[in-house]
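Results of the structural survey
Listed below, chain by chain, are the residues.
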Amino acid sequence: MKNVFNKLPVYTGDVSGAAAALYELGGMSVIHDPSGCNSTYNTHDETRWYSENSLIFISGLSEVDAITGNDDKFIRDVLDAAEKLKPKFIALFNSPVPYINGTDFKGIAKIIEKKSNIPCFHIETNAMHDYSVGISNAFYELAVKFLPEKKKACEERRDGVKKINIIGMTPLDFAAKGSEETIRKIFEKENFFLNSVWAMGSSFEEIMKSPEADINLVISSAGIKTAEFMREKYGIPYIIGTPVGKYTKKIIKKLRESPLENSFLSDKKYSGEVVIVGETILSLSLAEEYELRTGERAEVIATTELGHEFLRESDKAIVNEKEIAESLKGYKKIIADPLYKRVAPKDADFEEIVHLAFSGRLFLKRAKNVFEGETE
């Protein structure tokens, strides 16, 4: 029973993560799930729902359809919608019921693609993993399906400007207003050419130019799999880190030098007094920034599923409430989403980092743009 959550919510599921990853790219996302289940996504997990159009559908899976496996109805509904809306692509996600039933989504995708002449692919989701897994799978399948076989030669730039892709940008991790604009300004100011952002503020066509980049920057754990794919396929190196505060300068230096090593290192000992809780890569980057700013080393408790290979000595990866509560004891300062106060020591100094994928829209107005702030 250690995985039962009594005081804390669970993170946004992988289905919402996949939908968020593709939201701005002009495709049609179809979640094979009972009618009404999209309300969880659009009322809790998607800040763009009321300001930007996107084609996100629920199949309206009925009990009879689930039992009998009525794939014909699902295929027909998708084809009818695609005929009217003409999306750039069709992405199919599965919810728990068709996952358990073993629905052949890859076969269905081939049928839909053949009949509609619109590229169609399946993103593996089952609502049993957190949002980072869904984003990761969506980005990866998008890359496999659409990126060209060969890397195109970069345009010659006499001024030496590097082209970079940013991978791992969604509101689920970076929900504060102006986040996407701020990160663009940071790199434009430093004389980088921002080739694409996976996947906020970039069109499908810009994403397709990703192989032209000189280097990739992975700003959340959800981008690691796709960056590794591009490294293997096109030879594009990547570095991992979120440009926050003083740590931004270190990232910029790494981007200019294009190092092959990706790690979070420090020669200082842990204080055992400060801890940062949350998504792995952002938390590690905040820890690096905290050390640069204060001279004190913060530990990390990674509570999402990906990126644990980059944790440092004494950092922890914990995904259940009981162990999180036990691990927070003894810290004098905790940096985390406000809902973690429910299991934090009452005498600890608490600094908020609002995380949409954890607390939904409860504290969205208090969300900080992590890319803003002192960089020198």
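My aim in this report is to walk through the structure given alongside it, one point at a time. (Residues numbered from 1 in each chain as written. Predicted model: local features only at pLDDT ≥ 70, side-chain atom pairs only at ≥ 80, totals over all residues. Heavy atoms only, no water.)

With respect to burial, helix H1 (residues 14-22) is a largely interior element, 9 of its 9 residues being buried. Within the sequence span of H1, burial applies to Asp-14, Val-15, Ser-16, Gly-17, Ala-18, Ala-19, Ala-20, Ala-21 and Leu-22. (Buried < 20%, exposed > 50% of the residue type's maximum accessible area, 1.4 Å probe, protein only. Helix = DSSP H or I, 4+ residues; strand = E, 2+ residues; numbered from the N terminus.)

Turning next to unusual backbone geometry. Here Trp-198 and Ala-199 are connected by a cis peptide whose omega angle stands at 0°. As for its placement among the helices and strands, Ala-199 is situated in the loop between strand S6 (192-198) and helix H9 (204-208). Phi at Lys-86 is positive, roughly 50°, even though this residue is not glycine. Inspection of the secondary structure puts Lys-86 in the loop between helix H4 (71-85) and strand S3 (90-94).

Further remarks concern the packing of aromatic side chains. Here the structure, examined in full by the defined rule, presents 13 aromatic pairs. Ring geometry for Phe-74 versus Phe-105: centroids 6.3 Å apart, planes at 80°, classification edge-to-face. One end of the pair, Phe-74, is in helix H4; the other, Phe-105, is in helix H6 (residues 105-116), with 31 residues separating them in the sequence. Owing to a relative accessible area of 4%, Phe-74 belongs among the buried residues under this scheme. Its relative accessible area of 4% is what places Phe-105 among the buried residues. On the numbers, 5.7 Å between centres and 85° between planes, the contact of Tyr-140 with Phe-229 is edge-to-face. (Phe/Tyr/Trp six-rings, centres within 6.5 Å; stacked < 30°, edge-to-face > 60°.)

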